[in-house]
Amino acid sequence: MSENFSMVAPHSKRPVNEDKIFAASRQAKEAIEKYGFENVINSTVGALLDDNGKLLVLPTVIKVLKNLPPEEIAAYAPIAGLPEYLETVKTAAFRECMPEGYIEAIATPGGSGAIRHTIWNYSEMGDYILTSDWYWGPYKTIAEEHGRKITTYTFFDENKNFNIKSFREKLNQLLKIQDRVVILLNSPAHNPTGFSLEISEWEEVINILKNFAKNKDKKIILFSDIAYIDFAGEKNKSRQFMKLFGNLPENILTIVSFSMSKGYTLYGMRSGAMICITSNKSIAEEFKNVGQFSNRGVWSNGTRSAMKILAEIFKNSELLSKVETERNVLKKMLNERAQSFVNEAKKIGLDICPYKSGFFITIPCNNPELVSEKLKKDNIFVVPLQKGIRFAVCSVSKEKCLKAPLKLLNAIKNI
Ligand SMILES: Cc1ncc(COP(=O)(O)O)c(C=O)c1O
């Protein structure tokens, strides 16, 4: 039997690569077994772990889950999502920064589901999807799974600010060859860099979109990925930019992607939503219709219990305040770890991407694969990216975050 024989349809033939994050994570676990947890730095995990490597959860969220009646756990949810959830996600996403316009929501399995539906429903087969040159790998996977391609602009300028010029140029190029462009913009607390756009940078982005939208033949879809927003400073300050999504021309559609994975520590329960903001009522209705159709056509409905949890929390101000207090403890821990890393990097001259908040810090370097191989010999496990390495401060103790920069600097220097 020939080894090249394949049963897979041509469009689904993909290179067989073990997922880099899971591969590094597996090797880290092997090293921990061999050398002991205290002697290994496993910075591959994209979830909040305590100093001993155990998953951190918000106890009140889990308590609400455990108190749900069995039928709220076992029953189907409506295809679009539980109506009370669809109202609650708007509050949870925008808090006091609700933009003006027609706003509709559709439940999706996490933010990933929102990315999928946006790409599928708002770009055409073969189109380019625009994002920054540092981006979360699954953007590409999801685009390619649906016959689209990712293209990028340069995220940072020479002063490590948002590279507005590159953003404008790239969008301009794309709008010359496509009549519609989906833009995936992950801020605040961007994965993998920890960068967040300032409000003035957001204003510039929106002005650029408005300018391009003067050509009514063009359609611009701004996908605002806020997966880490609940770890990006004060809740209303970090959401200020969302006000800018109101009153835009009808050929700019903004879709905010809400996720319960990080902010509610319910990673595995697969619950999120896509929320549209538009100045045209029928565009909002169309959004709801296509989202519902896609839900039915891809995964049917979402996880009812997770939806119910969010609704219960926001119905009861005491519960909400408990969740926020518990989350603040995690936020403080994350901040301390990240600041330890950033300060140490600065002290020893390790160049990092501009970090403001979030789960990850990224170190630009040549030959990231080789650097990460070298680090493994030192029992440090990182995720190699195309142009650097990702260090997950979310899953590493403060003590190890202090130790790591020097080891990283040495590994990079010795390549
Ligand atoms: C940048 C970014 N967007 C979206 C997601 C989606 O996560 P989920 O589908 O679990 O909500 C993640 C998760 O890691 C992420 O890092």
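Bear in mind that the values here come from a model prediction, so they are computed numbers and not experimental data.

## Thoughts on helix 5 (residues 110-122)
Here helix 5 contains 13 residues, and its C-alpha end-to-end distance of 19 Å stays within 8% of the 18 Å for a straight helix at 1.5 Å per residue. Among all positions of helix 5, only G110, G111, G113, A114, I115, R116, H117, T118, I119 and Y122 are buried.

## Re the site of the ligand
In the region of the ligand, 13 residues are neighbours, and G111, S112, D225, S259 and S261 sit closest. Between the ligand and K262 there is a distance of 2.7 Å, counted from an oxygen atom to a side-chain nitrogen or oxygen. In isolation the ligand exposes 390 Å². Once the protein is present, 93% of that is buried. Residue contributions to the shell around the ligand peak at 3 residues, all from helix 5. Of the residues assigned to the shell around the ligand, the class counts are 3 nonpolar, 7 polar and 3 charged.

## With respect to the sheet that holds strand 11 (residues 383-384)
Taken in spatial order, the 3 strands make up an open sheet running 9-12-11, and their pairing is antiparallel. Of all strands in the sheet, those with a lone pairing partner are strand 9 (360-364) and strand 11, marking the two edges. Here 2 bridges tie strand 11 to strand 12 (residues 388-392), and the two strands are oriented antiparallel to one another. When the sheet's bridge partners are listed, V383 is paired in strand 12 with R390. Where helix 13 (residues 398-413) meets the sheet, it contacts strand 9 and strand 12, and its direction lies at approximately 165° from that of strand 12.

## What about the sheet that holds strand 3 (residues 128-132)?
Judged by pairing direction, the sheet is mixed, and its 7 strands sit side by side in the order 2-8-7-6-5-3-4 without closing on themselves. Of all the strands in the sheet, just strand 2 (102-108) and strand 4 (149-153) have a single pairing partner and so form its edges. Neighbour-to-neighbour, the strand axes of the sheet open up by a mean angle of 25°, direction not taken into account. Direction of pairing for strand 3 relative to strand 4: parallel, over a ladder of 5 bridges.

## Things to note about the pairing of strand 6 (residues 219-225)
For strand 6, the buried fraction is high: 6 of the 7 residues fall into the buried class. Of the pairings in the sheet, the one linking strand 5 (residues 180-186) to strand 6 comprises 7 bridges and is parallel in character. Counted as the bridge partner of R180 is K219 from strand 6. In this sheet, strand 7 (residues 252-259) lies alongside strand 6 in parallel orientation, the contact comprising 6 bridges. Bridge pairing links S224 to V256 in strand 7.

## Overview of the domain arrangement of the chain
Interface size is commonly expressed as the accessible surface area that is lost when the partners come together. Split into domains, the chain comes out as domain 1 (16-58 + 321-413) and domain 2 (76-315). Using only C-alpha atoms to locate each centre, domain 1 and domain 2 end up separated by 27 Å. If you look at the interface, domain 1 gives 30 residues, while domain 2 gives 25 residues. With both sides pooled, the region where domain 1 packs onto domain 2 buries about 2,400 Å², and carbon together with sulfur makes up 57% of that total. Looking at the side of domain 1 facing domain 2, the largest losses of area belong to R327, P354 and K356, adding up to 25% of the total buried there. In this structure, the connection of domain 1 to domain 2 is made through 6 salt bridges. D351 is the partner of K160 in a salt bridge, and the nearest nitrogen-oxygen pair spans 2.7 Å.

## A few points about the pattern of salt bridges
Note on pairing: side chains with opposite charge can pair once their charged atoms come close. The tally for this structure, following the rule as stated, stands at 25 salt bridges. For E30, the salt bridge is made with R26, and the minimal N-O distance between the two is 3.3 Å. Here E30 and its partner R26 are both found in helix 1 (residues 20-35), 4 residues apart, which amounts to about one turn of the helix. Since its relative accessible area comes to 47%, E30 is described here as partly exposed.

What counts and how
Sequence order as written defines the numbering, with residues in each chain counted from 1. Under the rules for a predicted model, residues below a pLDDT of 70 receive no local features and side-chain atom pairs below 80 are neither given nor counted, while totals for whole chains, interfaces and linings still include all residues. To obtain the side-chain values, all non-hydrogen atoms of the structure were used and water was disregarded. Secondary structure elements are defined from DSSP: runs of H or I of at least 4 residues count as helices, runs of E of at least 2 residues count as strands, and each element is numbered from the N terminus. A helix is expected to span 1.5 Å multiplied by its residue count minus one. Note on exposure labels: buried denotes an accessible area under 20% of the residue type's maximum, exposed denotes more than 50%, and partly exposed covers the range between, all computed with a 1.4 Å probe on protein chains only. We call a residue near a molecule or strand whenever a single non-hydrogen atom of that residue lies within 4 Å of it. Polar contact is defined as a pair of N or O atoms within 3.5 Å, subject to the rule that within protein one atom must be able to donate a hydrogen and the other to accept it, and that residues adjacent in sequence are counted only when both atoms are side-chain atoms. Throughout, the Shrake-Rupley method with a 1.4 Å probe supplies accessible areas, and for residues the shown protein chains are the sole cover considered. Residue type decides the class: Asp, Glu, Lys and Arg count as charged, Ala, Val, Leu, Ile, Met, Phe, Trp, Tyr, Cys and Pro as nonpolar, and the leftover types, Gly among them, as polar. When DSSP locates at least two bridges between a pair of strands, those strands are taken to pair. The contact rule is simple, with two residues in contact once any of their heavy atoms fall within 4.5 Å. To obtain each axis, a line is fitted to C-alpha atoms, and for helices this fit is confined to the stretch in contact; angles are then taken between N-to-C directions over 0 to 180 degrees. For the domains described, the bounds stem from an automatic or database domain assignment. Note on terms: buried area is the combined drop in 1.4 Å-probe accessible area of two parts once they are placed together, counting the loss on both. Take a side-chain nitrogen of Lys or Arg and a carboxyl oxygen of Asp or Glu: if they are within 4 Å of each other, that pair is a salt bridge.

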